[in-house]
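# Chain and residue survey
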Amino acid sequence: MAAEGLIRPAAVAIMTTSRGSRVLPRVLLVGPLAGLLAGCTSSTYTWGWYVVSPFDPRGQKNIAFLADGIWATISISVTAILFSVAIGIIFALMALSKSRSARAANRIYVESVRAVPMLVLLLWVYYGLPVVFGLQFSVFVAGVITLALSDSAFEAEIFRAGIQSIHKGQVEAAQALGLTPLQSMRLVVLPQAIRRILPALGNQFVYVLKMSSLVSVVGYQELTRRANELTLVEYRPLEIYSLLVLEYLALILVVSWLVRRVERRLGASDGPTAKH
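Residues numbered from 1 in each chain as written. Predicted model: local features only at pLDDT ≥ 70, side-chain atom pairs only at ≥ 80, totals over all residues. Heavy atoms only, no water.

A word on the overall build of the chain. The number of helices and strands found in the chain is 9 helices and 0 strands. Going residue by residue from the N terminus, the α and β elements of the chain occur as α-α-α-α-α-α-α-α-α. Across the 276 residues in the chain, those meeting the buried criterion constitute 34%. For the chain, restricting intrachain contacts to residue pairs at least 6 apart in sequence, the fraction spanning at least 24 positions comes to 72%. Here the chain has roughly 16,400 Å² of accessible surface; of this, 69% comes from carbon and sulfur atoms. (Helix = DSSP H or I, 4+ residues; strand = E, 2+ residues; numbered from the N terminus. Buried < 20%, exposed > 50% of the residue type's maximum accessible area, 1.4 Å probe, protein only. Contact = heavy atoms within 4.5 Å. Areas by Shrake-Rupley, 256 points an atom, 1.4 Å probe, with all protein chains shown as cover.)

Take a look at the structure:
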């Protein structure tokens, strides 16, 4: 009976947590809407929601103009995160190398890149490289380079911590089976490390998704740039930027949901051992 009394509260807690995880995205989406509507009713500002209303022809045109920037935001973010992960893995392996020069190169790269603000790095890549080295990039390529380099320093530390969390016995067992160090890393260590650092990788993708708005400064036609241009035409910044907030919120919620699904899928594929 005592054991049953202990189990029941735990079960209730698990059920409550699972229900909360399903309700939380709705709260995050409905909460800002409710706050926005409350602010509209109490403010003396004359709102002009017709500029972003789906029931008004003018609003429909503006919404379509803003929505076209979603794919630009997603494309530059996904491309940048792929490059940043690849660069991060390389520098993480350098940090774990026995070579002192490789470890020193990792430390110099990570500390240097993390010290430079992303906007400053973007301006230097887009405006500085053509002058100093004669390298001229499009706004998309300059944005990818900036986002990838800036994020790769954090990815390197994430992967380094994930690889170091794997027990040395895993590597020794792989070598005993005749695998080379590269095969051991690729087939044994990295798959387990990625499972452990997946939440951190998801957070970094969200970070890159939000920081992609900085590329609007050099003219890239993503969400923020299109909102700025529409504001200059409609002279309704609050309404347009309110819709921009909701667009970013929806994107982040979708990404978070996808990361959680991948986490559950990888956990299920591990079987009972994933719980230990």
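What follows is about unusual backbone geometry. In the Ramachandran plot, Y235 falls in the positive-phi region, its phi being about 55 degrees despite a non-glycine side chain. Structurally, the position occupied by Y235 is in the loop between α8 (223-234) and α9 (237-270).

When pLDDT is averaged along the chain, the result is 84, and 81% of the positions lie at 70 or above. Confidence drops under a pLDDT of 50 for residues 1-18, and excluding neighbours within four residues, the segment shows 0 contacts in the predicted structure. Residue range residues 271-276 is modelled with pLDDT below 50. Its contacts to residues more than four positions away, or to other chains, number 1 contact. (pLDDT = per-residue confidence, 0-100.)

This brings us to the packing of aromatic side chains. Given two aromatic rings, their pairing is described by the distance between the two centres and the angle made by the two planes. On inspection of all chains with the given rule, the structure shows 5 aromatic pairs. Judged by centre distance (5.1 Å) and plane angle (0 degrees), the ring pair of W47 and W49 falls under stacked. Using a relative accessible area of 23% as the deciding quantity, one classes W47 as partly exposed. According to the relative accessible area criterion, W49 is partly exposed, its value standing at 30%. Aromatic side chains Y126 and Y127 sit 4.9 Å apart centroid to centroid with 85 degrees between the ring planes, which places their arrangement in the edge-to-face category. A relative accessible area of 48% places Y127 in the partly exposed class. Its guanidinium or amino end placed over the ring of F65, R226 lies 4.6 Å from that ring's centre, counting from NZ or CZ. (Phe/Tyr/Trp six-rings, centres within 6.5 Å; stacked < 30°, edge-to-face > 60°. Lys NZ or Arg CZ within 6 Å of the ring centre and 35° of its normal.)

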